[in-house]
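# Architecture and fold: a report
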Amino acid sequence: MDMVWKVLACIAIGYLIGGFNGAILISRLTKHEDVREKGSGNAGLTNFLRSYGGSSTLLVVLIDLGKCLLACWIATLILPEKRELAVMIAGISVQIGHVFPVYFGFHGGKGVLTSAAVAIMLDWRVFVIAISVFIVLFLLTRYVSLGSMIAMVTFAALTAVFYSDQPFVWGLAVLMALFVIVLHRANISRLLHGTERKTYFHKEKNERAGN
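Attention here is on the structure that accompanies the text. (Residues numbered from 1 in each chain as written. Predicted model: local features only at pLDDT ≥ 70, side-chain atom pairs only at ≥ 80, totals over all residues. Heavy atoms only, no water.)

## Side note on the overall build of the protein chain
Each helix and strand counted, the protein chain has 11 helices and zero strands in total. Along the protein chain, helices (α) and strands (β) appear in the sequence α-α-α-α-α-α-α-α-α-α-α when read from the amino end. Its C-alpha atoms give the protein chain a radius of gyration of 17 Å, within 12% of the compact-globule value 17 Å for 211 residues. Considering the protein chain as a whole, with its 211 residues, one finds that 45% of them fall into the buried category. Long-range contacts, defined here as pairs at least 24 residues apart, represent 66% of the contacts in the protein chain between residues at least 6 apart. For the protein chain, the exposed surface amounts to about 10300 Å²; the carbon and sulfur share of it is 70%. Across the protein chain, the 19 positively charged side chains and the 12 negatively charged ones have centroids separated by 7 Å. (Helix = DSSP H or I, 4+ residues; strand = E, 2+ residues; numbered from the N terminus. Rg over C-alpha atoms; globule rule 2.2 N^0.38 Å. Buried < 20%, exposed > 50% of the residue type's maximum accessible area, 1.4 Å probe, protein only. Contact = heavy atoms within 4.5 Å. Areas by Shrake-Rupley, 256 points an atom, 1.4 Å probe, with all protein chains shown as cover. Lys, Arg positive; Asp, Glu negative; His and termini not counted. Charge placed at Lys NZ, Arg CZ, Asp CG, Glu CD.)

Next up, the structure:
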């Protein structure tokens with residue numbers, strides 16, 4: 001029974017911390033706007049970068065990575081004897097909190113950046129390979145959505161390989177990847193039809209790409 005309470009604590013902490021959506025917070029604090037009223041309407045890093053660009057995007061990265069690292073670290077203190085499982089439970093809870101933030105009307109982002117933080121906490125090998133896959137695909141295509149989905153599949157596959165003896169751990173990794181892919185279903189349709197927007201680091205280029 002003690003184990004059940006510990007797992008529930010990891011879930012609750014992860015979800016509540018995950019609800020602090022970086023894109024919404026920074027757009028409100030620095031731009032006095034809501035990023036969900038701009039561009040695609042998504043409260044994620046890509047829409048923030050396209051809409052605002054600049055150094056404030058780095059703040060979004062720090063918040064969304066930091067909140068997941070914090071939640072996963074707390075979870076490992078609660079379940080030190082099952083570190084990998086604790087990281088995955090907290091990680092998927094942060095992802096759900098990020099996508100459905102209780103503080104912002106349950107309308108958030110797509111949880112890709114938070115998943116990167118889970119990989120950092122779980123296994124550096126998984127993180128390095130998955131982030132490398134994302135970077136290469138993004139630089140080749142400029143499609144954040146494509147890079148994100150393939151990186152998530154890589155994350156899940158590598159977790160299944162490295163933690164094959166821990167089905168709950170790699171099972172949660174697979175669920176995280178599937179969740180991200182489902183959230184990108186509109187992007188998949190646009191990719192197939194050749195209408196997906198490309199993303200650049202400069203706001204002006206993003207504005208031209210949207211025309």
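## With respect to helix α9 (residues 167-183)
A rise of 1.5 Å per residue sets the reference length of α9, with its 17 residues, at 24 Å; its end C-alpha atoms lie 24 Å apart and thus fit the reference within 8%. Those residues of α9 that sit buried are Val-169, Leu-172, Ala-173, Met-176, Ala-177, Val-180 and Leu-183. The buried residues of α9 occupy an angular sector of 140 degrees when projected down its axis, which confines them to one face. Taken together, the buried residues of α9 touch α5 (83-99), α6 (112-122), α8 (144-162) and α10 (185-193). (Expected span 1.5 Å × (residues − 1). Arc of directions from axis to C-beta.)

## Digging into a nonpolar patch on the surface
A cluster of nonpolar side chains, contributed by Leu-16, Phe-20, Ile-96, Phe-100, Val-102, Tyr-103 and Phe-106, occupies part of the molecular surface with about 610 Å² of accessible area. Its location among the elements puts Val-102 in the loop between α5 and α6. A residue is classified by how much of its surface remains accessible, and Val-102, at 36% relative accessible area, is partly exposed. (Patch = residues over 30% accessible without salt bridge, like charges linked within 9 Å, V, L, I, M, F, W, Y side chains within 5 Å. Salt bridge = Lys/Arg side-chain N within 4 Å of Asp/Glu carboxyl O.)

Everything listed here is a matter of geometry and, on its own, says nothing about what the molecule does.
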